[in-house]
Structure formats: C-alpha cells, structure tokens
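Working through the structure, step by step
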Amino acid sequence: MFTPADNYPVHQPSELNQLLEHAAEALAQKYKREGTFTSPKNVMEYLKLKLGAYDREVFALMLLDNQHRLIQFDILFFGTIDAASIYPREVAKAALSHNAAAVIFAHNHPSGIAEPSQADRHITDKLIKALGLIDVRVLDHVVVGEDCVSFAERGWIPVV
C-alpha cells in the first residue's frame, strides 16, 4: 500500500543546522552576559549562524529591550528560494507581544549574494513606519548571504 511518507521525506534538521543553532545560542548567551547587541559586528555574527544555512528565504526579528538586550529571536516568515512575503501587521504583533522596545530585522538570501534588493528596501521602509506608530525603534535590517549587509551601516535606517 502506498503512503505519502514512502515517497516524501519528512524534513529533519541536519547535523550542520543543529550545530549552527547551538553556536548561535552560545553567542546569544555570551552577548546577554556582556551586555547588548549594539555592535553591528556582533549582530551579523549571530544572524549568520541563525540564518545562513537555510535553503529558502526566511525573515526574522531580533526583539530587544530598551537596553538592546535580546528578548527573543523569532523567525516570522518562510518563503521560496528567492522571496518571502512580509506582513507589517504580524511584525507589529510580535513586537507588542514581547514588549520589545527595539527590533532588528533579518533575512537571508539563499543565493549567497547579500546585496539588498529594491523590494528589501521598500519593505524595510514600510515596517519602520508601521513600528514607529507603536514606538518600537528599528535599529537595523541585516541581509545574510555569504557575507552580511547592514542597512544601518549603509545609512538606510533613519536615526531616531
């Protein structure tokens, strides 16, 4: 008798993904002890471990308190190999539910090329406006590929 499970493998995390997840959690604990995610270098190191191994686009939030300490890391949206749909309402709900004072957006480019697209810039602007209405600061948007690109380092995030 044929069952779908016979032909379609169940998605199991690979050993590499598990190892990267453990490394990211170790970094989060280190930065929690040392203080904050105020350095773009620290943020990019952490996000590369968290998002670098995905084979499809994912959009995530680092939810931070008013001292920029990590409250929660949430992957909110899963997409395809080259796009993910992002909904400002869901981003705002996540920020409010964790009582975040600030956020850092992050998503990966499975192609390995971290250069932000016009769509990336457009959704970032839209999210900044939406979160501004509820007094949640946006500190950065990091695109993860073989390297990482920080919108803040490029001057694309308004300083409040």
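Now for a quick tour of the structure. (Residues numbered from 1 in each chain as written. Predicted model: local features only at pLDDT ≥ 70, side-chain atom pairs only at ≥ 80, totals over all residues. Heavy atoms only, no water.)

**Some thoughts on the pattern of salt bridges**
Inclusion rule: The salt bridge definition used is simple: a Lys or Arg side-chain nitrogen within 4 Å of an Asp or Glu carboxyl oxygen. We call a residue buried when its accessible area falls under 20% of the maximum for its residue type, exposed when it is over 50%, and partly exposed in between, using a 1.4 Å probe and counting protein chains only. Helix numbers and strand numbers start at the N terminus; a helix is a DSSP run of H or I with at least 4 residues, a strand a run of E with at least 2.
According to the stated counting rule, one finds three salt bridges in the structure shown. The salt bridge partner of Arg69 is Asp65, with a shortest N-O separation of 2.7 Å. The class of Arg69 is partly exposed, set by a relative accessible area of 39%. Look at Asp65 and you get buried, because its relative accessible area is 17%. Across the pair Glu115 and Arg154 runs a salt bridge, and its minimum N-O distance is 2.6 Å. Here the residue Glu115 occupies a position in the loop between β3 (102–108) and α5 (118–132), and Arg154 occupies one in the segment after β5 (148–150), the gap between them amounting to 39 residues.

**Focus on the sheet that holds β3**
The line we're drawing: The criterion for strand pairing is that DSSP finds at least two bridges linking the strands in question. Lines fitted to C-alpha atoms define the axes here, with helix axes fitted over just the stretch in contact, and angles between the N-to-C directions of these axes take values from 0 to 180 degrees.
Taken in spatial order, the five strands of this open sheet run β2-β1-β3-β4-β5, and their pairing is mixed. At either end of the open sheet lies a strand with only one pairing partner, and these are β2 (70–78) and β5. Strand-to-strand, the axes of this sheet are offset by a mean angle of 20°, without reference to chain direction. Bridge count between strand β1 (residues 58–64) and β3: six bridges; the pairing is antiparallel. Within β3, the residue paired with Leu61 across the bridge is Phe105.

**Let's talk about helix α4 (residues 88–97)**
Operational definition: Along the arc lie the directions from the helix axis toward the C-beta atoms. Residues count as neighbours in contact if any of their non-hydrogen atoms are within 4.5 Å of one another.
Looking at α4, one finds that the buried residues are Pro88, Val91, Ala92, Ala94 and Ala95. In a view along the axis of α4, the buried residues occupy a sector of 160°, so they form one face of it. Exposed side chains of α4 directed beyond 90 degrees from the buried face belong to Arg89, Leu96 and Ser97. Among the structural elements, β1, β2, β3 and α5 are those in contact with the buried residues of α4.

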